[in-house]
Structures are given as C-alpha cells and as structure tokens.
Amino acid sequence: MTGFAILMAFLLAGHVIREWWGVPLPANVIGMILFIAALGLRLVKLETVEKAADFLLRHMMLFFAPVIVGVVAFFPLIGREAPAFFGGLVVSAVAVLLVTGWTARALAGKSAAASGGYPARAAEEAQNAPEDGRGGTAM
Amino acid sequence: MWPGWMSNPVFGIALTVIAYVASLRLQRRYPWLHPLFVTSGGIILLLVALRIPYEAYAAGGKVLEFFLGPATVALGVPLYRQFRRMKRDLTAILAGVTVGSATGIVVAGLSASLFGASQELVRSMLPKSVTTPISLELARDLGGVPELAAVLTVLTGLFGSMFGPALLRRCGVRDDLPLGIAIGTAAHGIGTARLIRESESQGAASSLAMALAGIVTSVLAVLVRYGI
C-alpha cells in the first residue's frame, strides 16, 4: 500500500503542477516524469513501489476497458469515416515502425559491435517487468 | 428511470471486473481471443441487449478509469529498470523514439486528412501510437475525442503487435534493440506484451521505448497545439 500511496502522491503533484504553473503536459505524464526523477535520485526506492506498480501495469486493460465501451457513442462517426479511420491507422503504424527501426538500427550499429548485444541482466529485468504472459501487460 | 442499484457505481465496477476476469480465463483456453475485446465487447453487447443506459454503466466505469492515472505514473518503474541496463545505447534509443514519435504524429495527421477525415478524427488520431492512458489525455488536450483515441490506440497496438516484427525483419531491422524500440514506439504495451513472450531483450527495449515515447509524444503534442 505504501507503493500505491507514493504513486498517488506523484499523480497529485502532476495535477497541482499542471494547474498552478500551466505546464501543458497531461497530469499523469508530469507525475511520471517526477516519479522517474525521484527513482533516479534515490528519493524513492524501487523495491517500495515495485509491487503496486506491477499490479497496476499488469491490469491496465481493466482500467481502460470502460473507455473502450464508451466508443459506442462514436460508432456512427467511425462508420462515416471508415476509410480515414483504418487507412490512417495502418499507414501511420507502418511509418512509425519503419522509421523508428531504421533510425535505431543506424545508431545502434556502432555500439552493438562493441557490446556484443545485451547484458544478460536486461533480459532478467524484462522478466520482472509486468509480464504475466496472458495478456495483462500495460497498453 | 432505472433501478437504484444500477445507477450505483458498484454496478459498472462489478460488471467490468467480472467481465475482465472471465475474459482472462477465456483467453487461457482460446489464446487468440484478446481479453480487451472480450471485456469491452461483452459489456457493450450486454448493455445493448438489456437496454441498460450507458450513463448507468459509466458511473462505475469512471471509477475504474481513474486508476489509469496512477498506472501511468507506474510506467516509470519499467522505464527506470530498463534505463539502467541500456545506458550505453541511449543515443540510439532516444533518437529512434524521438524520430519515430514525430513521424507518428505527422503521418497520422497527414494520412488521415488525405483520406478525408474530420478534424475530430484527425485530432484523435495524432497521439495513437503511445500507451492508452497517455493517448487519451493527449487527445483531450488536442481537441480530439478520448474514446476514439483509445480505440485507435488499441487497434494500432494490435496491428503493430501482429504484423510489426515480420515487417521490420523484412525491411532489414533484425537486431533485438532496434526491433524492440520500433515495436515499443509504434505499438506500446500491446506490442511489448508480445515481444516479452518471444525474446526478453526485445521486450526490455520495447518497454523502455513505450514509456519514453509517452513522454516524447506529450512534449511534441505541445508543439502541435501551439503550432495549429
């Protein structure tokens, strides 16, 4: 529960900062940035928040299912604009995939030779990440 | 109008949690069934079939939606974990995510406009590559429709997760790092979930890229807002 309290405190800080200083980022993103800074500065220990964070991330789908249900009201709009809806979706997804992949490949080429790929620990960490194979992971 | 117990938030919360758990169980038996579609689709069908007003459901739905806030903050955890491991590739990661996120906004806006989309749809489409709770908020800020953005985001994630790895390999992106970065940037958590099952190092790169893309796209969206 301490972990959850910490996450809530950062979210609250995000809302306060957005409103008082007019920071134009979403409050949850401001909260996340502050939270990462706190982790980096060791103000918050990873172990304290891990459990709560992994739980929330694993079940993120549950939290936005209600938003998806709300799309019913927009079915007429989607029907009317189906070509743009699906066309834009596919075209931009392909563009992002390729541009990102090519850019990262071009720049990673040099260091990959030296490092010989990934430290095994990265893999280990990935397993600790919200994993729960059966589809719980954050979206 | 409708009975009291139905307009109580308990109704929407219970319905969603039950549908969610049931869909996770269903997926264990039928792995191709995506739990999100089963959960949301099941609830939609039930509401329509029983003529339950959406507002009654939403009273509880909003309570669950609230947890997207702390869940987004929680994304800092995978970012921090992977960041410590991948410091040496930081340039490639940051450059890939930044260029990719900018491409996402520009191409989504342009292609949707070319296909004749309304302003409402274009603005909902801009942030669709980032993780759902962030794309929702960005769509709201950009003057789009959060619900549309959520659906576009989920569909983008499914598309990227199903076709992304094969497409990238065919186009010469085969190493774990660039492949993971591309999937995380384009297909957020849904793509990441698939990669983690196949390769741990790809999954690690992907979950880092997903969180970074959320931040980078939020910043880029500010430029869009003041540019438009």
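What you see is a predicted model; the values in this text were computed from it and never measured.

A. Local environment of the interface of chain B and chain A. With 114 residues of chain B at the contact, the number on the chain A side is 90 residues. Between chain B and chain A the total buried area reaches about 8800 Å² when both faces are included, carbon and sulfur atoms providing 78% of it. Contact with chain A buries surface across chain B, with B:Val73, B:Arg81 and B:Arg85 losing the most and accounting together for 9% of the total. Applying the counting criterion to the chain B and chain A interface returns three salt bridges. B:Arg81 is the partner of A:Asp54 in a salt bridge, and the nearest nitrogen-oxygen pair spans 3.1 Å. In this assembly, chain B and chain A are joined by 13 residue pairs in polar contact (both at pLDDT 80 or more). When residues in the side of chain B that touches chain A are grouped by element, the largest group, 14 residues, is from helix H11 (residues 176–198) of chain B. Its residues placed into classes, the side of chain B that touches chain A shows 69 nonpolar, 29 polar and 16 charged.

B. Seen up close, the packing of aromatic side chains. Counted under the stated rule, the structure contains seven aromatic pairs over all chains. Their ring planes at 45° and their centres at 6.5 Å tell us that B:Tyr54 and B:Tyr57 sit as a pair that is tilted. A residue pair is termed a helical-turn pair when its members lie 3 or 4 positions apart in one helix, as B:Tyr54 and B:Tyr57 do in helix H4 (residues 54–66) at three residues. Classification of B:Tyr57 as buried rests on a relative accessible area of 1%. When the centroid spacing of 5.2 Å and the interplanar angle of 55° are considered together, the rings of B:Phe159 and B:Phe163 count as tilted. Placement of both B:Phe159 and B:Phe163 in helix H10 (residues 146–170) is noted, with a separation of four residues, approximately one turn of the helix. Judged by relative accessible area, B:Phe159 falls into the buried class, the value being 16%. Clustering of aromatic rings is evident, with ring pairs tying together A:Phe4, A:Phe63, B:Phe66 and B:Phe67.

C. Looking closely at the pattern of salt bridges. By the definition in use, this model includes seven salt bridges over all chains. For B:Asp141, the salt bridge is made with A:Arg18, and the minimal N-O distance between the two is 3.0 Å. Linking B:Asp141 in helix H9 (residues 132–142) with A:Arg18 in helix H1 (residues 2–21), this pair reaches from one chain into another. Each member of the salt-bridge network shares a partner with another, and the members are A:Arg18, B:Asp141 and B:Arg225.

D. Spatial organisation of the environment of B:Ala182. Counting through the fold element by element, B:Ala182 comes out in helix H11. The class for B:Ala182 is buried, based on a relative accessible area of 0%. Sequence separation of B:Ala182 and B:Gly160 is 22 residues, and the distance between their C-alpha atoms is 9.4 Å. Not counting chain neighbours up to four residues away, the residues in contact with B:Ala182 comprise A:Leu97, A:Thr100, A:Gly101 and B:Leu168.

E. Highlighting the side chain of B:Ser124. Residues and elements named next belong to chain B. With respect to the secondary-structure elements, Ser124 resides in helix H8 (residues 119–125). Polar side-chain contacts of Ser124 include one of 2.7 Å to the backbone oxygen of Glu120. A polar contact of 2.8 Å, which involves the side chain of Ser124, links it to the backbone nitrogen of Val145. Setting aside its immediate chain neighbours within four residues, Ser124 contacts Ala139, Gly144, Val145, Leu148, Ala149 and Leu152.

F. Summary view of the nonpolar core. Counting 88 residues, the largest nonpolar core has A:Phe35 and A:Phe64 as the members making the most contacts within it. The biggest single contributor to this core is helix H12 (residues 200–227) of chain B, with 13 residues. Each residue touching A:Phe35, except ones within four places of it in the same chain, is listed here: A:Ile6, A:Leu7, A:Phe10, A:Val44, A:Val49, B:Val73, B:Ala74, B:Gly76 and B:Val77.

G. Local environment of the environment of A:Gly14. Residue and element names in this part refer to chain A. By the element assignment, Gly14 lies in helix H1. Overall, Gly14 belongs to the buried group, its relative accessible area being 0%. On a C-alpha basis, the gap between Gly14 and Pro26 in space is 8.0 Å, while along the polypeptide they are twelve residues apart. In contact with Gly14, other than residues within four places in its own chain, are Ala27, Ile30 and Gly31.

H. Broad picture of a nonpolar patch on the surface. A grouping of A:Leu12, A:Val16, A:Trp20 and A:Trp21 is seen on the molecular surface, where their side chains present a nonpolar patch of about 550 Å² in accessible area. Position of A:Trp20 relative to the elements: it lies in helix H1.

I. A look at H11(B). Residue and element names in this part refer to chain B. If you check H11, its first and last C-alpha atoms are just 11 Å apart, much less than what 23 residues at 1.5 Å a residue would give, namely 33 Å. Helix geometry: H11 is bent most strongly at His188, by close to 135°. With respect to burial, H11 is a largely interior element, 19 of its 23 residues being buried.

J. Representation of the confidence of the model for chain A in the model. Residue and element names in this part refer to chain A. Put simply, chain A has an average pLDDT of 81, and 78% of its residues get 70 or more. Within chain A, no element has a lower average pLDDT than helix H7 (residues 120–128), which sits at 45, and none a higher one than H1, at 95. Note that residues 111–138 has pLDDT below 50 and, in this model, 60 contacts with residues that lie over four places away or in other chains.

K. Main features of the environment of B:Ile52. Residue and element names in this part refer to chain B. Within the secondary structure, Ile52 is located in the loop between helix H3 (35–49) and H4. When the C-alpha positions of Ile52 and Ser124 are compared, they lie 27 Å apart, and in sequence the two are 72 residues distant. Apart from residues lying up to four places away in sequence, Ile52 is in contact with Met6, Phe11, Leu46 and Leu47.

Each value, and the rule that gives it
- Residues numbered from 1 in each chain as written.
- Chains lettered and ligands numbered in written order.
- Predicted model: local features only at pLDDT ≥ 70, side-chain atom pairs only at ≥ 80, totals over all residues.
- Heavy atoms only, no water.
- Contact = heavy atoms within 4.5 Å.
- Buried area = accessible area lost by both parts, 1.4 Å probe.
- Salt bridge = Lys/Arg side-chain N within 4 Å of Asp/Glu carboxyl O.
- Polar contact = N/O pair within 3.5 Å; in protein donor to acceptor, adjacent residues only side chain to side chain.
- Helix = DSSP H or I, 4+ residues; strand = E, 2+ residues; numbered from the N terminus.
- Nonpolar A, V, L, I, M, F, W, Y, C, P; charged D, E, K, R; others polar.
- Phe/Tyr/Trp six-rings, centres within 6.5 Å; stacked < 30°, edge-to-face > 60°.
- Buried < 20%, exposed > 50% of the residue type's maximum accessible area, 1.4 Å probe, protein only.
- Core = buried A, V, L, I, M, F, W, Y, C linked by side-chain atoms within 4.5 Å.
- Patch = residues over 30% accessible without salt bridge, like charges linked within 9 Å, V, L, I, M, F, W, Y side chains within 5 Å.
- Areas by Shrake-Rupley, 256 points an atom, 1.4 Å probe, with all protein chains shown as cover.
- Expected span 1.5 Å × (residues − 1).
- Bend = angle between axes of the 7 residues up to and from the residue.
- pLDDT = per-residue confidence, 0-100.

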